[in-house]
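What follows is each chain in one-letter form.
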Amino acid sequence: MRKPLTVRILSALDSKQWLALGIFLALALIAVPVLHLMVPEESAFHVSTYMITLIGKIMCYALVAVAMDLIWGYGGILSLGHGLFFALGGYAFGMYLMRQIGRDGSYQSDLPDFMVFLDWKELPWFWVGSDHIGWSLFLVVAVPAFVAFVFGYFAFRSRIKGVYFSIITQALTYAAMLLFFRNETGFGGNNGFTDFKRALGFPITSSEMRLVLFGLTAVMLAVTLVFSAWLVKSKFGRVLTAIRDAESRVMFIGYNPLWYKLTIWVISAVLCGIAGALYVPLVGIINPSEMSPANSIEIAIWVAVGGRGTLIGPIIGAFVVNLAKSWFTVSFPEYWLFFLGLLFIVVTLLLPQGLVGLWKKVVKKEGAAA
Amino acid sequence: MTKTILVLLLLLLAGSMSARAALDPAQVNQLAAEDSSDKVAAIQQLTQTADPDAVRVLKAMADDSLFLAGDKAVIIDGDKAFDAATGAAIGMPVNPESVTVNNRIRGELANALAALKLFDPDAAVRLASAQKLQTSASPAMAPLLARALEKESDAKIKALLVVAHAQANLGNEDPQARMAAVKALAETSSPTIKSVLLPLTDKAGEPDDKVRYEAIAAVKAIDSRLAIAENVGRVFSGLSLGSILLLAALGLAITYGVMGIINMAHGELLMVGAYATYAMQSLFRAYFPNAIDWYLPAAIPVAFFAAALVGVVMERTVIRWLYGRTLETLLATWGISLVLIQAARVLFGAQNVEVANPSWMSGGIEIMPNLILPWNRIIIAGFAMFVLFLVWVLMNKTRLGMFVRAVTQNRAMAGCVGVPTSRIDTMAFALGAGIAGLGGVALSQISNVGPDMGQGYIVDSFMVVVVGGVGQLAGAVWAALGLGIFSKLLEGWAGAVIAKIAILVCIIIFIQKRPQGIFALKGRFVE
């Protein structure tokens, strides 16, 4: 007999993992706001606005990394175009934020500034409804899902895989970047969207708004983790892993890999889109460079550093790499690319299982020695 | 005795010169007339004489050194005065009155001087003058141009004069003359002539129906020739882009296409080649400034070996350990590319460096007035063929090529018969890297050389190899040329960015339909 869904979801994590998740949420939702708002700025325990933005940003990246891990670590499909879905989600929510500026832009027009600059008289059709939060949230999910579905359907149906798939996803995000760089496309060209004023009527740069966004991101990350843990342990996840390891055999047993791959591909894209939508109000800008192939391939390295095929790995990877990045770009800006490049090489050559794999090895050795 | 003869001869010479130089004093004096129209008439009459001596007077007038003394035109140059008509030195006149030259007259003078240059003994001067008169000949100049046409012996100048003459005749009173002029102009293919003819195509500009129809037909004929030139130009730039893509992708066709190594640092190998070219240029500038034009041929082997060396290091340290794990290779080589980019930044600075074309690569061949084929593009296309030939010979006619093919077809079997497979891997990868370096030499001549230059080519290069079909050089060639021409044609129709996007989308769709590329290896493969 199948267990009810709630039970299955509850059993996706063991009790230790639930505890860790609880501690994480308590930190994000209670400790950080208290330390930010209550503790005076001089105190060593004060969490600065910079830290909140940085950690919030990295949590968005971690969400993307988990999404990437679902498709790469569990599905065996390396996408070099996940930056596209991230940016699409960001742009979809960015449209809402642009409309929320209202007449407070530098041209005091109902239209976003860049449209006034282009001498447009009315909103293009795809901007209709973007002032409603509900429609925008729908777009955040629907646009990446639609693009991923169409692209994935044709790609997986033709049984494109491996490096071929990676390269055409890279071409896809590259083409999209060129498209969004054009002013005529209607998304602000080079500059993208920025100078947001408010969301849902509340000022967007206030501490409270920042904390709300921070909390939302943390909750989203936690929910994604639980969902993913359940997903990969479900029958669906097992078949997916089987496809990763031996696609032909799975086909011979009678499964059609197309729908499994397509489902996880679309889920992964949607998660990226949501991450993008959380990222944009937190960071305050979205522009086409988010779609550059280099950004997308960096996502892969977060996952690789943390450890593919585990769920905690991508999160660790995203945090390690991005904290290193913000440290390097401040302290030794010219060495960051050397570090990142060597990270790519070292991880693929020496740490195929990432940090999680290394940790497991160390623990096992200690266990064997004891 | 001899002295007397010499003096006599000189006198004779001076006499004949002054006799030849004599202009009609009435005409010359009219240059100084009160009324502008009289001046213009005089200028035109003087021009009609086609007398080279008229140049002297008209030039003086254009330089504001023509004066009226009494009723006689004189030229005053500093503290000397000359009779304008004869050119003989005279005493400085009292109270010379300067001749006013307004803008209308200045234009007239410029044209007249240009027209008179048509009779200059120097062919180069005549050529320049005929070119200047292509679109600015006034109707009054028609007889003069006709005369110049009669006298002219140089075919090139003659052709230009025909156009100038016809163009001058467009304003002729006589419809017959206009008709002949339009017919002559219909043979040309320059946009400026077309704009000269355009006013004649409507009733206001041309009362005579027959001439108007002829003019309409002429504009159409010119248009169609212009369109042909434009299309030829587009196909040429497409071929040129194709040859550039081919150069960028040929190295990848070996490393990825034949060996199956996915090398994301390929663009950076192009960059290594381009920087090697830059280094050679600096070297030549510093030590052999006289032979600076030779830096490019010298850079070819240097770029090849520099990139090949980087390739050897890459293969030995990283790629070797990742054979058979393509996705890991992809990530590791991406890491290498980041390191190489940053290394270039540290070594050469983050700014683009300047690589100049050698003098023999600048300029171009003019096929039609609006179609010039630049030398650097032609030379690069030739260079692409040379590299292609080189690769073909290496892969098909040498022992190394045979080994490479053997190892890629059946590694275990090749090893069994004594092929040193691991050394062959290194050498083949170095070869591919070296070819990329050669591509970099060509790219340095037409685009910016900077740390990021490779990134722009990586997607394009992979597209070429993937579309062409893995494992085939012929596929890469066809794919490069096809993509080049297709994208240039699209560019003319939709703009560069949209064309690029359309190409990428087309390739994505194409790969869905035909994942094995245009040319697929025959046979069956098992996972």
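Above: the structure in question.
Novice: Which residues make up the overall build of chain A, and what are the values?
Specialist: Secondary structure summary: chain A contains 15 helices and four strands in total. Overall, the C-alpha framework of chain A stretches about 70 × 55 × 50 Å when taken along its three principal axes. Residue burial in chain A is summarised as follows: out of 370 residues, 43% are buried. Partitioning the contacts of chain A with sequence separation of at least 6, the portion at a separation of at least 24 is 78%.

Novice: Break down the nonpolar core for me, citing the residues and quoting the values.
Specialist: Counting 203 residues, the largest nonpolar core has A:Val64, A:Ala65, A:Ala171, A:Ala300 and B:Ala249 as the members making the most contacts within it. The element best represented in this core is helix H3 (residues 49-74) of chain A, accounting for 17 residues. Setting aside anything within four residues of it in sequence, one finds A:Ala300 in contact with A:Met68, A:Trp72, A:Leu78, A:Leu80 and B:Leu331. Listed in part, the 59 residues of the second largest apolar core include B:Leu66, B:Leu68, B:Ile105 and B:Leu116.

Novice: Can you tell me about the packing of helix H15 (residues 375-397) of chain B against helix H16 (residues 399-409) of chain B, naming the residues and giving the values?
Specialist: Residues and elements named next belong to chain B. One way to put it is that H15 packs onto H16 with a least axis distance of 5 Å and a crossing angle of 70 degrees. In terms of their interaxial angle, H15 and H16 are classed as roughly perpendicular. For the pair formed by H15 and H16, the contact residues are Leu394, Met395, Asn396 and Lys397 on the first element and Leu400, Gly401, Val404 and Arg405 on the second. Here the residues of the contact of H15 with H16 sort into four nonpolar, two polar and two charged.

Novice: Tell me about the environment of B:Glu152, residues and numbers included.
Specialist: Relative to the helices and strands, B:Glu152 resides in the loop between helix H7 (142-151) and helix H8 (155-169). On a C-alpha basis, the gap between B:Glu152 and B:Arg126 in space is 9.2 Å, while along the polypeptide they are 26 residues apart.

Novice: Give me the interface of chain A and chain B: which residues, what numbers.
Specialist: When the parts come together, some accessible area is lost, and that loss is often what is quoted as the size of the interface. At the interface, 36 residues of chain A touch 33 residues of chain B. Elements supplying a minimum of two residues to the side of chain A that touches chain B: helix H6 (133-157), helix H7 (162-181), helix H12 (293-306) and helix H14 (336-350) of chain A.

Novice: Talk me through the pairing of strand E1 (residues 66-69) of chain B; I want residue IDs and the actual numbers.
Specialist: The two faces of the sheet receive side chains in turn, since in a regular strand these alternate between them. All names here are of chain B. Alternating positions in E1 separate into two faces, Leu66 and Leu68 on one and Phe67 and Ala69 on the other, with burial throughout. Note that E1 and strand E2 (residues 72-77) share four bridges and pair antiparallel. Across the sheet, residue Leu66 finds its bridge partner in E2, namely Ile75. Connecting E1 to the antiparallel partner E2 that follows it, the hairpin turn spans two residues, and Gly70 within it adopts a positive phi of roughly 70 degrees. Bridging between E1 and strand E5 (residues 97-98) involves two bridges; their strand directions are antiparallel. Its bridge partner lying in E5, Phe67 is registered against Ser98.

Novice: Talk me through the sheet that holds strand E3 (residues 80-83) of chain B; I want residue IDs and the actual numbers.
Specialist: Strands sit in the order E4-E3-E2-E1-E5 (chain B) across an open sheet of five strands; the sheet is antiparallel. Each end of this open sheet is capped by a strand with a single partner; those strands are strand E4 (89-90) and E5 of chain B.

Parameters at a glance
- Residues numbered from 1 in each chain as written.
- Chains lettered and ligands numbered in written order.
- Predicted model: local features only at pLDDT ≥ 70, side-chain atom pairs only at ≥ 80, totals over all residues.
- Helix = DSSP H or I, 4+ residues; strand = E, 2+ residues; numbered from the N terminus.
- Buried ≥ 20, exposed ≤ 12 C-beta atoms within 10 Å, placed from the backbone.
- Contact = placed C-beta atoms within 7 Å.
- Core = buried A, V, L, I, M, F, W, Y, C linked by C-beta atoms within 7 Å.
- Axes fitted to C-alpha atoms, helices over the stretch in contact; angles between N-to-C directions.
- Parallel < 35°, antiparallel > 145°, perpendicular 65-115°, else oblique.
- Nonpolar A, V, L, I, M, F, W, Y, C, P; charged D, E, K, R; others polar.
- Pairing = 2+ DSSP bridges.

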